[in-house]
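Fold and geometry: a report
As a plain string of letters, each chain reads:
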Amino acid sequence: MKIVARYFSDCATVLKIYMRKIIVSILFLCIVNVAYSQQATENISEPQFIEDKGFWQEYHEAYPVSINAIENNVRSIAVDKKSTIWIATEAGIFMKKNGETKWIAIPFQDADKGPAFAVAIDEHDAVWMGTWKGVFVYKNNLPLQFAGPQGPVSIICTAKEGVYALGPKGVWLFNGNSFVQKDYPIAHSVRSAISDNKEGLWVGSDVGLYHSNKEGTNHFYKTDILLSAGLKGLALDKDQNVWAAGLGGVSIIKDDELQRVIRPQEGCPSIYATCVKKSFDGTMWVGTKVGVARFFPDGKHSLIFSRRWLMDDHVNDIAFDKDGNAWIATEQGVSAIKKKWMTLDTKQDYYYDVQMKRHMRQPWISGQCHLINAGDTTNWQPEDDDNDGEFTGNYLSMESFRYAVTKSEDAREKAKKAFHFLKQLKDITNGDGYFARTIVPVEWADKVHDGNRSYTEREKANELVNEPRFKPVEVRWHKSADGKWLWKGDASSDEWCGHMMGYFFYYKFAATDEEKILVRKHIASLVDHLIAHNFNMMDIDGKHTRWSVWSPDLLNYDPEWAQDRSENSMELLTFLKLAYFVTNDEKYQKQYLHFINEEHYLSNMSELVDQNPAWFIYYDVTMQAYLYPILLECEKDPKLNAYYQQHMDNWMEHRKNDKNPLINFLYCYARNKKVELQSSVDFLIDAPLDLVDWNIDHTKREDVKLVHAPVLDDLQVDQLPPASIRATVRWDRNPWGTVSGAPNTEREPVFWLYPYWMGRYLKMIQ
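My aim in this report is to walk through the structure given alongside it, one point at a time. (Residues numbered from 1 in each chain as written. Predicted model: local features only at pLDDT ≥ 70, side-chain atom pairs only at ≥ 80, totals over all residues. Heavy atoms only, no water.)

Side note on the packing of aromatic side chains
Note the threshold: Between rings of Phe, Tyr and Trp, where Trp is taken as its six-membered ring, a pair exists when centres lie within 6.5 Å; planes separated by under 30 degrees are stacked, by over 60 edge-to-face, and by other angles tilted. The way it works is that DSSP assigns letters per residue, a run of H or I at least four long becomes a helix, a run of E at least two long becomes a strand, and they are numbered from the N terminus. The classification of residues rests on relative accessible area computed with a 1.4 Å probe and restricted to protein chains. Under 20% of the type maximum is buried, over 50% is exposed, and intermediate values are partly exposed. Working rule: Lys NZ or Arg CZ, within 6 Å of ring centre, within 35 degrees of ring normal, means a charge sits over the ring.
Applying the stated rule across the entire model yields 46 aromatic pairs. Centroid distance Phe-401 to Tyr-761: 5.4 Å. Interplanar angle 65°. Geometry classified as edge-to-face. Of the two residues, Phe-401 is situated in helix α5 (residues 388-406) and Tyr-761 in helix α18 (residues 750-761); the sequence distance between them amounts to 360 residues. Classification of Tyr-761 as partly exposed rests on a relative accessible area of 28%. An aromatic cluster is built from Tyr-350, Tyr-351, Phe-683, Trp-731, Phe-751, Trp-752, Tyr-756 and Trp-757, whose rings are joined through pairwise contacts. Directly above the ring of Tyr-63 sits Lys-96, whose terminal nitrogen or CZ lies 4.5 Å from the centroid. In this arrangement the basic side chain of Lys-516 is found over the ring face of Tyr-507, its NZ or CZ atom lying 5.2 Å from the centre.

Here it is, written out as structure tokens:
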């Protein structure tokens, strides 16, 4: 009666509810006409499939020098013809032989030990070193000092005419026998030098750019040729343009004239450019204080940053070995950016192997794992997660598609095991259709997340003011009847969505006839629970769980649930329709039509795309993507099916910018279309092999803007980060998010495997 009174007391709400009923009837007529008359919306120029021909997959190898900070601060780096890596650090010179990980300190005499600044390899493969004391060359496993150059020598530059040594006290050229001082009138603050390949020298300094040769010295410092006079790095590109990197970005110069600049708006992640080098393929690598930006010959550019790719984002120098691998000197050690030839098929093999090794735990749960030491995947433990059920539903869907494509009994058996785990979540509670979030062995009692706790009345008051729908769940973990497991209560609506999607694809693609009987009974028991409890999932305390609410009493008439009205209305319609689809029991269809015709749930769902921006969260997008294929395939009524088609098309128009392969392929599956293929495959190719949830902080970048879109309540970047520099993916995460990371966690690769196998099933990846 309280609910009815509240309803009739709000005339505006009454009017709105009844108007929905009228609007939905009009929508039916309009949408049916549109749906039957419209042609497929695919761009006819878009490819219908992509052949898996292969690509170069980049990956990172980390080479810390030691635990000593001054040894890890690498100032200069060079690679000889044997791929031995040489570095100059604050503590001296070190080398690492090819294929080894240990760094060896070069044995200077005690009187010569101290900070080093530069290391270079000449055309004869001799190693030259600039230190606080002067210039040394490595010969017979010992550093030998050359007379002439006065220390400190901070720059070594090799050229056809010899080896240049530069520092605050002058410039010297080794002519093959000895060093001869040059009388170039340049600044003492030398930061970089390169040969002009004409027996001259370009020098970058704190006060500008110098070009010295036999004819004299030119000094450039004005802003008509440089972004600023503060320079750190120099390089020549394939067209012999000078790239001058420094404060402000990169100035590109030819014939003493500025050709173009690279600032944050042109793709430099920071105004603090620290070095620049040309790779063998002509790509220009620009080091900054926020990682490395690569500028490719075709005009494209990319960024690598964060601990996923670099020991530290502050880059000091870059060198390349004979195989094209990049060796990057940072303030925390050396990073190697390597590459290997892969296809999507072999990448699938790699991810699947990782999934089986570290991301399946008993009784057959797909989830993340805990790394004992941050980033170290050799020492790990399985761990529970709130959404083990949802993400095992993703895994179940993936294995079902893998079976549909390959007819592999291995895929079918693993899908069966995943389904039986999800079924066990219901059976273990001894309820009438109530299921748990996850289960763990009873021995895990002291290391589970969200352990049992109590709330004081003051804490409850604080929580209730902050969130009026707050439910204080003090006992989340319960022991199973057999004493072997702990199961976690208070399951949420997203668990329902993930489960139902998994059941749908398992039933359709991988379940045997015997298994289909179990799936029907299981789905029916879940939906029967909702029917018996006014369409909420009832916890063991006799109250609905915090998030599993689909009752019209709450969604339609309680203003606190207005933000969930559209999403949850769609969810309930999907659950009822799936139950009817698999059982053919009219009671589910009757309830389904009741919610459409009497409770206006279809009208509620119509507001999904245009909901209030305060209520939009990216997590809901994923739930919606789970549900559409069920609605569109299970609904046989032409009018309703046409409505769902148009609804999903409208929804997809708002999701194209996500470039999300899971969303794209679920849309293609549900609508029998082939669209957004290139962006999907681009993601699959670009996704890093490293699944550690490294800290990612886009707020440090200056080449993006911080915005509050698409999620008003989140801080995001205005450019969608590619997979390679995005937080480790789980599809419920906001892909535009700025800061995230938990480097003691490795995420499961189902985020990649699921859309891959769906793309294979759709024959969009061949």
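Considerations on unusual backbone geometry
Gly-151 connects to Pro-152 through a cis peptide bond whose omega is 0°. With respect to the element layout, Pro-152 can be found in the loop between β9 (142-146) and β10 (155-159). For the bond running from Gln-362 to Pro-363, omega is 5°, close enough to zero to count as cis. Mapped onto the elements, Pro-363 comes out in the loop between β29 (360-361) and β30 (365-366). Of note in this structure, Ser-306 is not a glycine but carries a positive phi near 80°.

Comments concerning the sheet that holds strand β8 (residues 135-139)
This is how the line gets drawn: Any two strands between which DSSP finds at least two bridges are classified as paired. Angles run from 0 to 180 degrees between N-to-C directions of axes, and those axes are lines fitted to C-alpha atoms, restricted for helices to the stretch in contact.
Taking strand neighbours across the sheet as the criterion, the four strands line up as β6-β7-β8-β9 in an open arrangement whose pairing is antiparallel. Each having just a single partner strand, β6 (116-121) and β9 make up the two edges of the open sheet. Neighbour-to-neighbour, the strand axes of the sheet open up by a mean angle of 30°, direction not taken into account.

A few points about the nonpolar core
For the record, the criterion: Working definition of a nonpolar core: buried Ala, Val, Leu, Ile, Met, Phe, Trp, Tyr and Cys residues. They are joined through side-chain atoms within 4.5 Å. Note on contacts: a residue pair is in contact if any heavy atoms of the two residues lie within 4.5 Å.
Membership of the largest hydrophobic core comes to 124 residues, with the highest contact counts inside it found for Met-500, Tyr-644 and Tyr-754. In terms of residues, this core owes the most to one element, helix α14 (residues 618-634), which gives 12 residues. The contacts of Tyr-644, once residues within four sequence positions are left out, are Leu-573, Tyr-592, Ile-596, Leu-602, Met-605, Leu-631, Leu-632 and Glu-635. Of all hydrophobic cores here, the second largest spans 17 residues; its members include Ile-318, Phe-320, Ile-328 and Ile-696.

The quantities given are spatial measurements derived from coordinates; they are silent on function.
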